[in-house]
Amino acid sequence: MGTRTVARAVIVCVVATCGSGLAGCQRGGDEAAEPEVRPVRSVTIAESKGGSTLTLSGRVAAEDEVAVAFRIPGRLIERAVNVGDRVRAGQVIARLEQMNERNQLLSAQAALNASNADLIRARDEYARQKSLIDEGFTTRAQLDQATAAFRAAEAQVKSATAQVSMAQDMVGFTVLTADAPGAVVARGAEPGEVVQAGQMVVRIARAGGVDAVFEVPPQVLRRAAAAQPVVVALTDDPAVTATGRVRETSPQADPVTGTFTVRVGLENPPPEMLLGSIVTGRVTLQGDPLIVIPSSALATSEGSPAVWVVDPATSTVALRPIRIARHEPDSVIVAEGVAPGDTVVTAGVQTLRAGQKVRILGAGG
């Protein structure tokens, strides 16, 4: 009995020891099964405005330029202004030789005087025949003849008066005047030349509005909005600037360059922006909204670019493939794969695995 009791006690001790060991092993297994939490940095995706800034070169021009010309042909005997001169409304710009026009005026005035004399005689004869018919000393036929002569004389005087007025206009057309204040920017004829009707003698930039004129490629024209402000600066002095908006766009491209002429009306341009000055215009082109992520957020999935996206509900990460639009020096433009509001891991991407819990350390790239 003593030996059997000792054996039973030994068995109980062994079982107890093994039970304690198994319990310890079970606890160790539970601790190993707890998921490892990785500290990472992240950024929340925000949508950036697309587009780019375009710079073009142009020149300063008057909003309204007019080619001043004679209405009639003739020999130019005087041009009173030159390029750069300021002119006022009504100022004489040039003169044509007037001899022919003055002779025509004298002839028209002589014809008018003759018509007036004929009218006086016809009026007197009509009055005499009318008084005689009342007394019965003439015939109705003679009165009718006198009446017709009187009416014809009146018409002849009206015609001669119109001829005098036309001749006076022709004399006036030999003197060219400015119809508005401005500055002479070009000349097209010299004294002594025979000019044709409508031939430009000088070109005047009328005072008032000032434009910046640019030659714009069609692809830029399609992306630029007409209401966008354009910042214009002098090329040789960028500190001199003005702001304007597109006032006029050519409906047809230049057949040689393929560009469109765009006129930007400047608001209160500084006096340093003289006509003809070379300027630089800057405008922001429209573009699709962009999604930008730091370059450090890039990972790979089966050889393709991907990012680790954090599930805010479970604090776990999942590898999501993306399509890259283009690379920037320290960032990546994403075409598809992530959306605004997604949280993307930006630091610690090399040690992550799918479904792993993470702890966000902070935002930033």
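Residues numbered from 1 in each chain as written. Predicted model: local features only at pLDDT ≥ 70, side-chain atom pairs only at ≥ 80, totals over all residues. Heavy atoms only, no water.

Along the backbone of the protein chain there are four helices and 24 strands. Expressed as a percentage of the 365 residues in the protein chain, the buried residues total 31%. Sequence-distant contacts, at least 24 apart, represent 73% of the contacts inside the protein chain between residues at least 6 apart. Element-wise, carbon and sulfur atoms account for 54% of the exposed surface of the protein chain, whose accessible area totals about 21700 Å². (Helix = DSSP H or I, 4+ residues; strand = E, 2+ residues; numbered from the N terminus. Buried < 20%, exposed > 50% of the residue type's maximum accessible area, 1.4 Å probe, protein only. Contact = heavy atoms within 4.5 Å. Areas by Shrake-Rupley, 256 points an atom, 1.4 Å probe, with all protein chains shown as cover.)

This next bit is on the packing of aromatic side chains. One pass over the structure, following the stated rule, counts one aromatic pair. Note on Tyr 126 and Phe 150: the rings are 5.4 Å apart at their centroids and 10° apart in plane angle, and the pair reads as stacked. One end of the pair, Tyr 126, is in helix α2 (residues 99–135); the other, Phe 150, is in helix α3 (residues 140–172), with 24 residues separating them in the sequence. (Phe/Tyr/Trp six-rings, centres within 6.5 Å; stacked < 30°, edge-to-face > 60°.)

As a further point, take α3. Here α3 contains 33 residues, and its C-alpha end-to-end distance of 48 Å stays within 8% of the 48 Å for a straight helix at 1.5 Å per residue. Here α3 has its buried residues at Leu 143, Ala 146, Phe 150, Ala 153, Val 157, Ala 160, Val 164, Ala 167 and Val 171. (Expected span 1.5 Å × (residues − 1).)

Attention now goes to the sheet that holds strand β4 (residues 65–69). Strands in a sheet are paired, the pairing made by backbone hydrogen bonds, and the direction either parallel or antiparallel. Reading across from one edge, β4-β11-β9-β6 is the order of the four strands in this open sheet, with antiparallel pairing throughout. The outermost strands of the open sheet, each flanked by one partner alone, are β4 and β6 (86–87). Bridge analysis of strand β9 (residues 182–187) against strand β11 (residues 200–206) gives five bridges, and the strand direction is antiparallel. Its bridge partner being in β11, Gly 182 is matched across the sheet by Arg 206. (Pairing = 2+ DSSP bridges.)

Looking now at the sheet that holds strand β5 (residues 74–79). Pairing is antiparallel in the open sheet, where four strands are placed in the order β8-β7-β5-β10. Of all strands in the sheet, those with a lone pairing partner are β8 (175–177) and β10 (194–195), marking the two edges.

One finds Ala 212, Phe 214, Val 232, Val 264, Leu 266, Met 273 and Val 279 to be the most contacted residues of the largest nonpolar core, which totals 19 residues. Those elements that provide at least two residues to this core are β3 (52–62), β12 (210–216), β13 (230–234), β15 (260–267) and β16 (278–285). The greatest single-element share of this core, amounting to four residues, is contributed by β12. In this structure, Leu 76, Val 81, Ala 178 and Val 184 belong to the second largest nonpolar core, which totals 17 residues. (Core = buried A, V, L, I, M, F, W, Y, C linked by side-chain atoms within 4.5 Å.)

Take the environment of Ile 204 next. Mapped onto the elements, Ile 204 comes out in strand β11. A C-alpha to C-alpha distance of 6.4 Å links Ile 204 and Ala 67, two positions 137 residues apart in sequence. Leaving out residues up to four positions away in the same chain, Ile 204 has contacts with Asp 64, Glu 65, Val 66, Val 68, Val 87, Ile 93, Ala 178, Gly 182, Ala 183, Val 184 and Val 185.

Turning to the pattern of salt bridges, a few remarks are in order. Enumeration according to the criterion identifies 14 salt bridges in this entry. Two residues, Glu 97 and Arg 75, come together in a salt bridge whose shortest N-O distance is 3.1 Å. Residue Glu 97 is found in the loop between β7 (92–96) and α2, and its partner Arg 75 is found in strand β5; the two are separated by 22 residues along the sequence. Residue Arg 75 is classed as partly exposed on the basis of its relative accessible area of 37%. (Salt bridge = Lys/Arg side-chain N within 4 Å of Asp/Glu carboxyl O.)

Here we take up unusual backbone geometry. In the Ramachandran plot, Asn 268 falls in the positive-phi region, its phi being about 50° despite a non-glycine side chain. Position of Asn 268 among the secondary structure elements: in the loop between β15 and β16. Unusually for a residue other than glycine, Glu 302 sits at a positive phi of about 55°.

Below, the discussion takes up the side chain of Gln 98. Considering the arrangement of structural elements, one finds Gln 98 in the loop between β7 and α2. A polar atom in the side chain of Gln 98 sits 2.8 Å from the side chain of Thr 174. Residues within four places of Gln 98 in sequence aside, it is in contact with Val 171, Thr 174 and Val 175. (Polar contact = N/O pair within 3.5 Å; in protein donor to acceptor, adjacent residues only side chain to side chain.)

Along the polypeptide, Glu 190 turns up in the loop between β9 and β10. Sequence separation of Glu 190 and Glu 78 is 112 residues, and the distance between their C-alpha atoms is 8.1 Å. Residues in contact with Glu 190, not counting those within four places in the same chain, are Leu 76 and Arg 79.

As for its position among the elements, Thr 316 is in strand β20 (residues 316–321). A polar side-chain atom of Thr 316 sits 2.7 Å from a polar atom in the side chain of Thr 314. Setting aside anything within four residues of it in sequence, one finds Thr 316 in contact with Val 309, Val 310, Asp 311, Gly 355, Gln 356 and Lys 357.

Our next topic: the packing of α2 against α3. Following both chains from N to C, one finds α2 and α3 inclined at 160°, their axes separated by 7 Å at the closest point. Judged by the inter-axis angle, α2 sits roughly antiparallel to α3. Where α2 crosses over α3, the two elements pack in a sense that is left-handed. Grouping the constituent residues of the contact of α2 with α3 by class yields 19 nonpolar, eleven polar and eight charged. (Axes fitted to C-alpha atoms, helices over the stretch in contact; angles between N-to-C directions. Parallel < 35°, antiparallel > 145°, perpendicular 65-115°, else oblique. Left-handed = near helix turned anticlockwise from the far one by under 90°. Nonpolar A, V, L, I, M, F, W, Y, C, P; charged D, E, K, R; others polar.)

This paragraph deals with α2. Look at α2: 55 Å from first C-alpha to last across 37 residues, which is about the 54 Å you get at 1.5 Å a residue. Burial in α2 covers these residues: Glu 101, Leu 105, Ala 108, Leu 112, Ser 115, Leu 119, Ala 122 and Gln 129. The inward-facing, buried residues of α2 contact α3. Looking at the residues trailing α2, positive phi occurs at Gly 136, about 80°.

What is shown is where atoms sit, not what they do.
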